[in-house]
Amino acid sequence: ITPPTRERVEEFLRFTDHAPHEPVAVLPPANLKATPWHIAVNAVMAGARPEHMPLLIAAVQAIADPGFRYTNNGASTHGFTNFFWVNGPLARQLGIDHGQGLIAHPVNSVLGRAMSLVERNLAGLRIKETQMASFGKAASWFLAEDEVAVTALGWEPNHVDKGFAKNANTISAGNSTV
């Protein structure tokens, strides 16, 4: 864990237009307000880079969306894993991997570790309290879509299929049981 010094946290805050203590989401099950400051503290501890900040804010907003049903997943007795699928130029700029071993890829794993800390520290997932999975909860995953391969197969990348422009940066949040 990297200590979240004021200087390190402030470096992350340079990558967002949000005020440091402005709530960007309310995260169930604890219903705590997530601010850029809180997100940056967790990102620093995870070893993320400051340029990851906009993506992490978007991921936090995604799991706060009622359509994500975060409360139901966190309280389930089966294990679950949250995953974040990144599309667009930002995935390539940040070096988010889409190939074999993508969960263990250094960039993917540090982003997943940051979101796992957010889930524990801001969403309030607590083992045997709000996280009831019998076998525990696996760390969150980040991955990118191989847009070149998808296009070569004659398909549209996921974000284009959902109505976004090809050069738009998007993040999709989902979860699966383990």
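Read on for an overview of the structure. (Residues numbered from 1 in each chain as written. Predicted model: local features only at pLDDT ≥ 70, side-chain atom pairs only at ≥ 80, totals over all residues. Heavy atoms only, no water.)

Another point: helix H1 (residues 6–13). Within H1, the full set of buried residues consists of Val9, Phe12 and Leu13. Buried residues of H1, viewed axially, fall in a sector of 105°; they line one side. Those residues of H1 that are buried lie in contact with helix H2 (36–46) and helix H3 (53–64). (Buried < 20%, exposed > 50% of the residue type's maximum accessible area, 1.4 Å probe, protein only. Helix = DSSP H or I, 4+ residues; strand = E, 2+ residues; numbered from the N terminus. Arc of directions from axis to C-beta. Contact = heavy atoms within 4.5 Å.)

Each aromatic ring pair is specified by the distance between its two centres and by the angle formed by the two planes. If you walk through the whole model with that rule in mind, you get one aromatic pair. On the numbers, 4.9 Å between centres and 25° between planes, the contact of phenylalanine 84 with phenylalanine 142 is stacked. Linking phenylalanine 84 in strand E3 (residues 80–87) with phenylalanine 142 in strand E4 (residues 141–144), this pair joins segments that are 58 residues apart in sequence. Here phenylalanine 142 falls in the buried class, since its relative accessible area comes to 0%. (Phe/Tyr/Trp six-rings, centres within 6.5 Å; stacked < 30°, edge-to-face > 60°.)

Taken as a whole, this structure holds three salt bridges when the rule is applied. Between arginine 14 and glutamate 11 there is a salt bridge whose closest N-O contact spans 2.7 Å. A residue is classified by how much of its surface remains accessible, and arginine 14, at 60% relative accessible area, is exposed. For glutamate 11, a relative accessible area of 31% corresponds to the partly exposed category. (Salt bridge = Lys/Arg side-chain N within 4 Å of Asp/Glu carboxyl O.)

A few words on the environment of serine 140. Here serine 140 lies in the loop between helix H6 (106–121) and E4. Taking the relative accessible area as the measure of exposure, serine 140 reaches 5% and is therefore buried. Between the alpha carbons of serine 140 and phenylalanine 83 there is a distance of 5.5 Å; along the sequence they are 57 residues apart. The residues touching serine 140, leaving out its near neighbours within four places in the chain, are Thr81, Asn82, Phe84, Gly112, Met115, Ser116 and Glu119.

Bringing the side chain of serine 116 into the picture now. Within the secondary structure, serine 116 is located in helix H6. Those residues in contact with serine 116, other than ones at most four positions away along the chain, are Ala139 and Ser140.

Attention now goes to the nonpolar core. Counting residues in each nonpolar core, the largest one holds 42 residues, and the members touching the most others are Leu27, Leu56, Met115 and Phe142. Elements with a contribution of two residues or more to this core: H1, strand E1 (25–27), H2, H3, E3, helix H5 (89–94), H6 and E4. Residues within four places of phenylalanine 142 in sequence aside, it is in contact with Leu55, Leu56, Ala59, Phe84, Val86, Leu102, Asn108, Leu111, Gly112, Met115 and Ile171. (Core = buried A, V, L, I, M, F, W, Y, C linked by side-chain atoms within 4.5 Å.)

A word on the pairing of E3. For E3, the buried fraction is high: six of the eight residues fall into the buried class. For E3 and E4, the ladder comprises four bridges, and the chain directions are parallel. The residue of E4 that forms the bridge with phenylalanine 84 is phenylalanine 142. (Pairing = 2+ DSSP bridges.)

Once that is clear, we can look at the packing of H2 against H6. Each pair of packed helices can be summarised by the angle the axes make with each other and by the distance between the axes. Closest axis-to-axis distance for the H2/H6 pair is 8 Å, and the angle between their directions is 130°. The angle between H2 and H6 falls in the class oblique. Relative to H6, H2 is oriented so that their crossing is right-handed. In this structure, H2 uses Asn42, Ala43, Met45 and Ala46 to contact H6, whose residues at the interface are Val110, Arg113, Ala114, Leu117, Val118 and Asn121. Here the residues of the contact of H2 with H6 sort into seven nonpolar, two polar and one charged. (Axes fitted to C-alpha atoms, helices over the stretch in contact; angles between N-to-C directions. Parallel < 35°, antiparallel > 145°, perpendicular 65-115°, else oblique. Left-handed = near helix turned anticlockwise from the far one by under 90°. Nonpolar A, V, L, I, M, F, W, Y, C, P; charged D, E, K, R; others polar.)

Bringing the packing of H1 against H2 into the picture now. Taken N-terminus to C-terminus, the directions of H1 and H2 make an angle of 115°; their axes are 9 Å apart at the nearest point. Relative to H2, H1 is oriented so that their crossing is right-handed. Contact with H1, carried on its side by Arg6, Arg8, Val9, Glu10, Phe12 and Leu13, involves Pro36, Trp37, Ala40, Val41, Ala43 and Val44 of H2 and no other residues of that element. Looking at the contact of H1 with H2 residue by residue, the classes come out as nine nonpolar, no polar and three charged.

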